[in-house]
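Chain and residue survey
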Amino acid sequence: MDRSILDGYDPRGFFCEMLTSPASAGVRERLARLSIAALKERAAAANAELYNLGITFTVYSDAKTIDRILPFDVLPRVLSAAEWRQLESGIVQRITAINLLLDDIYHDQRVLADGVVPRDLILGNPNYRPEMCGLDVPHKAYVNICGTDIVRDEKGAFFVLEDNARTPSGVSYVVENRHMMLRAFPDLLDDIGLRGIDNYGARLVAALQEMAPPGIGDPQIVLLSPGTYNSAYFEHVFLAREMGVPLVEGPDLVVEDERVSMRTTGGLARVDVIYRRINDDFLDPEAFNRDSMLGVRGLMRAYRAGNVALANAIGTGVADDKAVYAYMPRLIRYYLGEDAILQNVPTNICREPEALRYTLDHLAELVVKPVGEAGGYGITVGPTATRAELADCRKKLLADPANYISQPCVNLSVAPTLVDGGIEPRHVDLRPFAVTGSSTWVLPGGLTRVALRRGSFVVNSSQGGGSKDTWVLG
Amino acid sequence: MVDVLLARYADCIFWLARYVERAENLARILDVNETFSRDSRGAQNWRSIVQLNSDEERFFAGGREVTGHSVLNFYVLDADNPTSIVSTLRFARENARTLRPLISTEMWVQLNVFYNHLSTIGSDELTPARLSGLFATIKEACQTHTGITEGTFFRDQGWYFYQLGRYVERADQTTRLLDIKYHLLLPDIADVGSPTDVSQWNALLRSAAGYHAYRRLHAASTTPARVAGFLLFNQAFPRSVHHCVRETGRLLGEVKSRYSLRGGNDAAEELDRLRAVLGTLTIREILSEGLHEFLDLIQQQLIAVSRDLSISFFGYRPEAAQAQSAAAE
């Protein structure tokens, strides 16, 4: 019997993406032929290549810019065809409901009249944009690009953790990680039935063309980036290249007579569709943040006049708010008459008295999150919080319950990961990317983020997270 | 929609080419000066390099003295000196980073890897024994860039602006290379024609990669007039000022007609004038009027060309173009 590099590996009671999935048998067989030393050698070469290719995000310290790669773990995360079917249909269902919700709240507001969601939760939300009221978006596709954060508990059940419906990033790593695997591990990939992901750019272009103002035959699409100093600049470059469209910055665009043009060597040239990677706030100093240097003056007027399409639409942030998230299962039932295919993490909406009482009674077991914040700010993790932190959290909850939700801690699944000592379990999540024009398409797999620190649940790149290639097999 | 080029990209690609060409030529100038200074002249030679680039103020502000090592460090590795090779390549890399949607991945990777390598070199590595190797590495990296670009860059408008930048810069740099010799000769006109002098003119030809071509034309003798004439006028020599000016004019005409661009007429006229001057004046006339003055005039005209391109195609306002060309000087 051959020894395998996974022999000493122990997932310590967590759900393991590699050992549990029947789809991964072929991968495990192929891995068994490799040694740890060979794996490490190829991993080091792969990470050096990412650096040379400049597949980096930028960190600023002491006025110096440092290019960092998102550390890449060479052991893939595997999903079976059946698992993927569930994820794919669940994501499509969710995005369909989100787009119907956005169309509703910016038009008839039936959902508010019917009392499905509290009125002030939507209308009082800082990401609700009254400027969008009455504006018709083609195909009612407000969210054209969505990255849905999904986790798995100790039983292997999928849960949606967050809907990123504004300007989600990470898809460039999905594709570049795959390219890296194709180069570094051709022997792993031979005849394994891996679903391709190379057509993301083409799919995105097709969807954005469907968003163009009516009557335009060959729409000019551009990608609007805050510029080279943005930490996600590589991704903007990647997307512009994959789509074959110009990567523009605010000053490259100009609005005249409610029409958008870009400055070219031959003068002004018309722009029809803008995939913008700038938040609503900074998009148009005339309509939103007046101090924005990144945006385009008059863009909102051109948008309202129907002369240009924006992807994603303005004001989608209200739909991925953490409190609105809690209503998603009810919203799916309301708009689609279906049960949610993908469950929410059970969420206590603290604006509801019973949920508040439950949260206060179980504070030490729960994760408490402010609804408006992103990026992990203001979160209290009960099991690891000090007594003082819990007391502080209690005070804030009582002072402004509507600003909070609480959730049980999810014991995130693990995947075998190459670390200094060999192969060990590390916690992972998953962010599949969906593209919506006249219909929704989900890129097979997605970004698997991995918490590289032992025992950590934090997968964010700023806090020691890395990534893995995600394989949908069969 | 392939025919559209953002004004900002045209600017970046023009300057990407200029910076790489500039780095290559600076390596050539420093390399040849290394050869000169080892003959007899010592500090005097290195001072001329500092004068050549009008960098005296910045150089001496650091309390530096003119030695081979201090000048080389200032021009090769000093990241605070915007005219150093490492800074020039940093600007090239920054432009390439902006241009990543436009240029080939191979162009970007090579510049990225080379700049990262260069920025790790310490000043203790600027020893006489290692210098020529270092300059060879820099020249080779710049030429590798040129080769990768030739072999991978898509031939649309961007390619034209890339080549325009390269030829404008190369013409300018050849005038500077010649000017160095002028600076060196000035204090000691009696040396003209001596064996030392001849070996220096040969070194100058070598630094411009023109030695063998020159030999094929003038096998018997190396005279200052012939070498200067060769570097200025020879139509077949790819670094001659005349060749570069002619190519610049041709490229500008082509890009304008192929893409129906309206601007750039002032630059085209300026290039026509420059070509006429280079086609009619003889090297004897130029030397009698003053080589330095002539080279200075060419440099001014090239700056005017660059300024008009900035205004016509890169979206600069006239004041901004003025400031930029002042900084480029």
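Analysis parameters
- Residues numbered from 1 in each chain as written.
- Chains lettered and ligands numbered in written order.
- Predicted model: local features only at pLDDT ≥ 70, side-chain atom pairs only at ≥ 80, totals over all residues.
- Helix = DSSP H or I, 4+ residues; strand = E, 2+ residues; numbered from the N terminus.
- Contact = placed C-beta atoms within 7 Å.
- Rg over C-alpha atoms; globule rule 2.2 N^0.38 Å.
- Buried ≥ 20, exposed ≤ 12 C-beta atoms within 10 Å, placed from the backbone.
- Pairing = 2+ DSSP bridges.
- Right-handed = clockwise from strand over helix to strand, strands pointing away.
- Nonpolar A, V, L, I, M, F, W, Y, C, P; charged D, E, K, R; others polar.
- Domains from an automatic or database assignment.
- Axes fitted to C-alpha atoms, helices over the stretch in contact; angles between N-to-C directions.

**Considerations on the overall build of chain B**
When helices and strands are tallied, chain B shows 16 helices and zero strands. Restricting the contact set of chain B to residue pairs at least 6 apart, pairs at least 24 apart contribute 71%.

**Regarding the overall build of chain A**
The helix and strand tally for chain A stands at 15 helices and 23 strands. Rg of the C-alpha trace for chain A: 23 Å, near the compact-globule value of 23 Å for 474 residues, within the 12% margin. Projected onto its principal axes, the C-alpha positions of chain A cover 75 × 60 × 50 Å. Expressed as a percentage of the 474 residues in chain A, the buried residues total 46%. Taking as baseline every contact in chain A between residues at least 6 positions apart, the subset at least 24 positions apart corresponds to 70%.

**A closer look at the pairing of strand S6 (residues 221-224) of chain A**
Residues and elements named next belong to chain A. By the alternation rule, side chains of S6 split into Ile221 and Leu223 and Val222 and Leu224, which are all buried. Two elements, S6 and strand S11 (residues 273-276), share four bridges in a ladder whose sense is parallel. Bridge assignment links Leu224 to a residue of S11, and that residue is Arg276. Read from S6 through helix H9 (residues 233-243) to strand S7 (residues 247-248), the crossover connection turns out right-handed.

**Describing the interface of chain A and chain B**
Tallying the contact residues gives 18 residues for chain A and 21 residues for chain B. Of all elements in the fold, only helix H2 (36-53), H9, S7 and strand S9 (259-264) of chain A reach the threshold of two or more residues within the side of chain A that touches chain B. Split by residue class, the side of chain A that touches chain B holds eight nonpolar, seven polar and three charged.

**Remarks on the sheet that holds strand S16 (residues 380-381) of chain A**
All names here are of chain A. Here four strands make up an open sheet; going across it, the order is S14-S17-S15-S16 and the pairing antiparallel. At either margin of the open sheet sits one strand with a lone partner, and together these are strand S14 (348-349) and S16. The pairing of strand S15 (residues 366-370) with strand S17 (residues 404-408) spans five bridges and is classified as antiparallel. In the strand pairing of S17, Val368 is matched with Ser406.

**Quick notes on the domain arrangement of chain A**
Splitting chain A by domain gives domain 1 (22-78 + 168-196 + 427-472), domain 2 (83-164 + 199-336) and domain 3 (346-408). Computed from C-alpha atoms alone, the centre-to-centre distance between domain 1 of chain A and domain 3 of chain A is 33 Å.

**Section: the sheet that holds S11(A)**
Hydrogen bonds between backbone groups are what pair the strands of a sheet, and the pairing can be parallel or antiparallel. Residues and elements named next belong to chain A. Across the sheet, which stays open at both edges, the four strands sit in the order S7-S6-S11-S12 with parallel pairing between neighbours. Edge positions in the sheet fall to S7 and strand S12 (309-311), since each has one partner strand and no second. Two elements, S6 and S7, share two bridges in a ladder whose sense is parallel. Bridged to Leu223 within S7 is Leu247. Packed onto the sheet, H9 meets S6 and S7 and runs at close to 175° relative to S6.

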